[in-house]
Amino acid sequence: MRTETPPTVRLEDYRPSDHLIDRVELDVRLDPHDTRVSATLALRPNPAGRAGAPLVLDGDDLTLLGLELDGQALAPDTFRADASSLTLHAVPQRPFTLRIETRLDPTANTRLMGLYRSSGVYSTQCEADGFRRITYFLDRPDVLSVYTTRIEADRAAAPVLLGNGNPVEAGAVAGTDRHYAVWHDPLPKPAYLFALVGGRLDRVAKGFTTMEGRAVEIAVYVEPGKRDRAAYALDAVERSMAWDERAFGRAYDLDVFNVVAVSDFNMGAMENKGLNIFNDKFVLASPDTATDTDYAAIEAIIAHEYFHNWSGNRVTCRDWFQLCLKEGLTVFRDQEFSSDMRSRAVHRIAEVRNLRARQFPEDAGPLAHPVRPKQYAEINNFYTATVYEKGAEIVRMLRTLIGETAFRAGMDRYFADNDGTAATVEDFLKAFEAVTGRDLARFAEWYERPGTPRVAVFGSYDAAAKTYRLAFRQTRPGAGADAPPLVIPIRLGLVGTDGPLIDAASGRVEDGVFVLDAAEDTLTFENVAAEPVPSLFRGFSAPVRVESALDAAARLTLLRHDPDSFNRWEAAQRVALGLMTAQVRGDAPEEAGADDFVGALGAFLDGEALRDPAFAAQILALPSEGDVADEIGTEIDPDAIASARRDLRRRLGAGLRARLLTLREELAEPAGTPFSPDASAAGRRALRNAALDLIAAADAETGTALAQAQIAAATNMTDRLAGLAALALLPGEAREAALAAFAERYADEPLVLDKWFAIQAMIPEDGTVARIRRLQGHPAFAMTNPNRVRSLVGSFSLANPTQFNRADGAGYALLAETVLALDGTNPQVAARLMTAFGPWRRLEPGRRAQAESALRRIVATQGLSRDVADIGTRSLA
Ligand code: 0A1
Ligand code: ZN
């Protein structure tokens, strides 16, 4: 375990590499404990670098066995090698080759970075800086090389050998039980996109012909015996390929595209060139083991990794500060894909829920950073909601500002101008400037500073003049006093209180979009016959917090009449938030307000529930406790929030009971209906289960009976798990019996047991901390598997606000212990878990003190990893 004061890396210090590596030939002889890597690098001085500079290659935890320059072994006094670098004091000022031999122990690699062997499979993870754990290298994204990889292994242990690019040859190693495969990737890439896999794996495959006429073999590799669970992922790859051709004109560029599912993986998945490696949770699906949410996530992540082939691989990042260049853009692309595959309106709601749940709190807490950070101590801690999700919102705003046609032209230009290079955010914006003739310098400010902007809007109607005025003011908390105003696209319209849309004109609204680019501005609509309700930020056109003085009645008008579905949902959420925050703050009880809300939802359900069940399910799902906390902002008391939310659910459940029960009947699938994971079937299940949640909130007895019946009759995991989740909130024997039965049924299904761990970790009761400690000893739990840890401890700390934030600090202690226990083996996952402490400063004083002392305990521990030390220091700063 290394402890270092992490050197800070700064964007302003960027300079090109002094050397380049044109070609890499790797020979990897796999062995569980004694893997040998021979790397032959074709190096040359970089004309853009410093002439005569020493060659300093990165390394991490490496053992050097041999080193030759142009075929000659190097004298010991000409280089210096240690575990973390290899320096050649003087190298030729011409092209030369370096051959480096290193030894690795993949079984001992519990960090899951570099080459590791787990559950019997060899695989790699090189982003952001894992390649240096395989061989010494210029491990930076602006050094692009053409790779040829020979992989050798015991044939029985690893019959499947996969590399980047196209397969070249394969065969037996004469006189041994070993075999080999050679792969060649013709497209230059940075080391972080390198991958190899070796293991016993089953395969499903299908052919695809690209729009350029290339025949591609798409294959998905999974654990033996799970072939039938790979079909959905395979289909999602094919749909992604076809969509990227249609939507962005991007075709695939190799003869094979391989996806491999592994069970021990730090993140969701990885876009290695031609060889995407996935956390198996985002590949494996069957009706009995995966929920509708799982199917949607698989589709989205398969698409995300595939889309990286252009946004990330063909055009990569100059340095890690430009991470949003590939991640924000690729999230935007996968969101568009999912919107086209499913309901656009419902998907937008899901995107915004996710942004508010993860990115808004991050941006309001101690770990806030710009979408393009200016410095970092540990880059692996910057794969954040801000870089990914806020990064995607910036791309979406750009499209809103310039329009779809110009956006597509700008994307074409970006790919054409930067293909085969390592680019920057400036290069991206330049492409759009080139096709539109616009200056995007002010828009670029979105990348530069942290903090969620606020836009306050005041509307006033002049009945005599028949004009309606909207006054806007933007502020930027967290961005610094000198922060210039942002360019904020506001999609808006006016809605009449009795229904019809008001068709009023304002010259400054173009295609429904007003651009606020000053600190303050006003907009006047002419010929407005009656006082309207403004519908602002339609489709969530900018990632801001909106402050408007609209009362509940006006919001319920939007729920009824707004042609923008997102804002209908938003209106219902705002009313619910208003009711809950009023209760938490002890404001005058809004009996009448709650009744109006129940009435409005009832009318909505009568009119529309069956027409669009997926949308109706979103309308019924109240803002989370986290949303309420985010709205309240300071001195947070999670118990008060939970009780306000429970009360509102109870009210809705009681007030809508008859309708919800009928809906459940109407939405039930006729017996024998074959399972379909598509959006419409999933939407029906979602609404049926949202109804169950509310009914159970108001009436435990009916809820228990319905949930038990649903579990007994379930033909798919969505319904079974929703039944179990409803029971989990109702203490008693029925719950424990259902949990036990579930564990027994899925005893051999780790990914399903993850759901079981998570449901228990989220029980909002005093016994939960003790329950989690018991479950940490369950035979299916393993600290070495990131999915298990995230299911049990991650769900607890992120999705159980009352118990994680227990006033006695027992929740914080549990997280701190887990972070420390994990730090020695997998610092990356430990650091990520620890980010749950993020909102600690916004808690009420008692909990704040408890959280702070848990954080300080972690930080004071000797021998912390750089990953955890970095999160700890920044959290306390
Ligand atoms: N580029 C991947 C995310 C990823 C990042 C880091 C990893 O290991 C530390 C693994 C995956 C993506 O965006 O999907
Ligand atoms: Zn990505």
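Residues numbered from 1 in each chain as written. Chains lettered and ligands numbered in written order. Predicted model: local features only at pLDDT ≥ 70, side-chain atom pairs only at ≥ 80, totals over all residues. Heavy atoms only, no water.

Here we take up the overall build of the chain. Counting its regular elements, the chain contains 26 helices and 33 strands. Over its C-alpha atoms the chain spans a radius of gyration of 28 Å, differing by no more than 12% from the 29 Å that the globule rule assigns to 877 residues. Dimensions along the principal axes, computed over C-alpha positions, put the chain at roughly 90 × 65 × 60 Å. When each of the 877 residues of the chain is scored for burial, the buried share is 58%. Considering only intrachain contacts with a sequence separation of at least 6, the fraction spanning at least 24 residues in the chain is 71%. Carbon and sulfur atoms form 51% of the exposed surface of the chain, whose accessible area is close to 32700 Å². Within the chain, one finds 99 positive and 122 negative side-chain charges whose respective centroids are separated by 1 Å. (Helix = DSSP H or I, 4+ residues; strand = E, 2+ residues; numbered from the N terminus. Rg over C-alpha atoms; globule rule 2.2 N^0.38 Å. Buried < 20%, exposed > 50% of the residue type's maximum accessible area, 1.4 Å probe, protein only. Contact = heavy atoms within 4.5 Å. Areas by Shrake-Rupley, 256 points an atom, 1.4 Å probe, with all protein chains shown as cover. Lys, Arg positive; Asp, Glu negative; His and termini not counted. Charge placed at Lys NZ, Arg CZ, Asp CG, Glu CD.)

In this section: the site of ligand 1. Residues in close proximity to ligand 1 total 16 residues, the closest being Glu-127, Glu-271, Glu-305, Glu-327 and Tyr-388. Contact distances for ligand 1 include 3.2 Å between an oxygen atom and a side-chain N or O atom of His-304. In the model, an oxygen atom of ligand 1 is placed 2.5 Å from a nitrogen or oxygen of the Glu-305 side chain. Contact with the protein chains covers 97% of the free accessible surface of ligand 1, which is 370 Å². Looking at the shell around ligand 1, the elements that each hand over two or more residues are β20 (269-270), α2 (292-307) and α3 (323-341). For the shell around ligand 1, the residue count by class is 6 nonpolar, 5 polar and 5 charged. (Near = heavy atom within 4 Å. Polar contact = N/O pair within 3.5 Å; in protein donor to acceptor, adjacent residues only side chain to side chain. Nonpolar A, V, L, I, M, F, W, Y, C, P; charged D, E, K, R; others polar.)

Bringing the packing of helix α9 (residues 565-585) against helix α10 (residues 591-608) into the picture now. Contact pair α9 / α10: the axes reach a minimum separation of 10 Å and the direction vectors enclose 155°. Relative to α10, α9 is oriented roughly antiparallel. The interaxial crossing formed by α9 with α10 has left-handed handedness. Counted together, Arg-568, Ala-572, Val-575, Ala-576 and Leu-579 of α9 and Gly-593, Ala-594, Phe-597, Phe-604 and Glu-608 of α10 form the full contact between these two elements. Split into classes, the residues belonging to the contact of α9 with α10 amount to 7 nonpolar, 1 polar and 2 charged. (Axes fitted to C-alpha atoms, helices over the stretch in contact; angles between N-to-C directions. Parallel < 35°, antiparallel > 145°, perpendicular 65-115°, else oblique. Left-handed = near helix turned anticlockwise from the far one by under 90°.)

Time to look at the sheet that holds strand β9 (residues 96-104). In spatial order, the strands read β6-β5-β9-β3-β2-β12-β15-β14; together these 8 strands make up an open sheet with mixed pairing. Where the open sheet ends on each side, the last strands, each with one partner, are β6 (72-73) and β14 (166-172). Judged from the 6 bridges that link them, strand β5 (residues 63-69) and β9 form a sheet pairing that is antiparallel. Within the sheet, the bridge partner assigned to Leu-67 lies in β9 and is Ile-100. (Pairing = 2+ DSSP bridges.)

Let us now look at the nonpolar core. Counting residues in each nonpolar core, the largest one holds 158 residues, and the members touching the most others are Phe-428, Phe-443, Phe-472 and Ile-488. For this core, the leading source of residues is helix α5 (residues 385-402), giving 9 residues. When residues no more than four places from it in sequence are discounted, the contact partners of Phe-472 are Val-455, Ala-456, Val-457, Ile-490, Leu-492, Phe-514, Leu-516, Ala-519, Glu-520, Asp-521, Leu-523 and Leu-536. With 109 residues, the next largest nonpolar core counts Ala-576, Met-580, Leu-663 and Val-829 among its residues. (Core = buried A, V, L, I, M, F, W, Y, C linked by side-chain atoms within 4.5 Å.)

Moving on, we get to α9. For α9, which comprises 21 residues, the first-to-last C-alpha distance of 30 Å matches the rise-based estimate of 30 Å (1.5 Å per residue) to within 8%. When you tally the buried positions in α9, you get 15 out of 21 residues, the bulk of the element. Remark: Gly-586 follows α9 within two positions and exhibits a positive phi of approximately 70°. (Expected span 1.5 Å × (residues − 1).)

Let us now look at the side chain of Thr-102. Secondary-structure assignment places Thr-102 in strand β9. A polar contact is formed between the side chain of Thr-102 and the backbone oxygen of Ile-134, at a distance of 2.9 Å. Not counting residues within four places of it along the chain, the set of residues in contact with Thr-102 comprises Thr-35, Arg-36, Val-37, Leu-62, Thr-63, Leu-64, Leu-65, Ile-134, Thr-135 and Tyr-136.

On to the sheet that holds strand β10 (residues 114-118), then. Taken together, 4 strands build an open sheet; the order of strands is β10-β11-β16-β13 and the sheet is antiparallel. One side of each edge strand has no neighbouring strand; the edge strands of this open sheet are β10 and β13 (160-163). Direction aside, neighbouring strands of the sheet carry axes that sit 15° apart on average. Pairing analysis gives 5 bridges linking β10 to strand β11 (residues 121-125), with the strands arranged antiparallel. Pairing of Ser-118 across the sheet is with Val-121, part of β11.

A few words now on the pattern of salt bridges. Should the charged atoms of two oppositely charged side chains come close, the side chains can pair. A full pass over the atoms with the stated rule returns 85 salt bridges. Among the salt bridges present, the one from Glu-152 reaches Arg-178, with a minimum N-O distance of 2.6 Å. With Glu-152 in strand β12 (residues 145-154) and Arg-178 in strand β15 (residues 178-189), this residue pair connects regions lying 26 residues apart in the sequence. (Salt bridge = Lys/Arg side-chain N within 4 Å of Asp/Glu carboxyl O.)

Metal coordination angles have textbook ideals: 109.5 degrees for a tetrahedral set of four donors and 90 or 180 degrees for an octahedral set of six. Around the zinc ion (ligand 2), the protein contributes the donor atoms His-304 (NE2), His-308 (NE2) and Glu-327 (OE), at 1.9 to 2.1 Å from the metal centre. One can describe the site at the zinc ion (ligand 2) as tetrahedral: its 4 donor atoms subtend angles covering 98 to 128° at the metal. Between the donor residues of the zinc ion (ligand 2), the gaps in sequence give the motif H-x3-H-x18-E. Side by side, His-304 and His-308 carry an identical accessibility label, which is buried. (Donors = N, O, S within 2.8 Å, 3.2 Å for Na, K, Ca; no water. Tetrahedral: all angles 85-135°; square planar, octahedral: opposite > 155°, others 65-115°.)

Another aspect to go through is the confidence of the model for the chain. This prediction gives the chain a mean pLDDT of 97; 99% of its residues lie at or above 70. This prediction of the complex comes with two scores: 0.98 for pTM and 0.99 for ipTM. (pLDDT = per-residue confidence, 0-100.)

The next point concerns the packing of aromatic side chains. Counted by the stated rule, this structure contains 36 aromatic pairs. Aromatic side chains Phe-742 and Tyr-746 sit 4.9 Å apart centroid to centroid with 50° between the ring planes, which places their arrangement in the tilted category. Like Phe-742, the residue Tyr-746 is buried in the burial classification. One aromatic cluster is present, built from ring pairs that chain together Trp-243, Phe-248, Tyr-252, Phe-257, Tyr-306, Phe-307 and Phe-337. Positioned over the ring face of Tyr-14 is Arg-318, at 3.7 Å from the centre of the ring. Above the plane of the ring of Phe-248 lies Arg-333, whose end atom (NZ or CZ) is 4.8 Å from the centre. (Phe/Tyr/Trp six-rings, centres within 6.5 Å; stacked < 30°, edge-to-face > 60°. Lys NZ or Arg CZ within 6 Å of the ring centre and 35° of its normal.)

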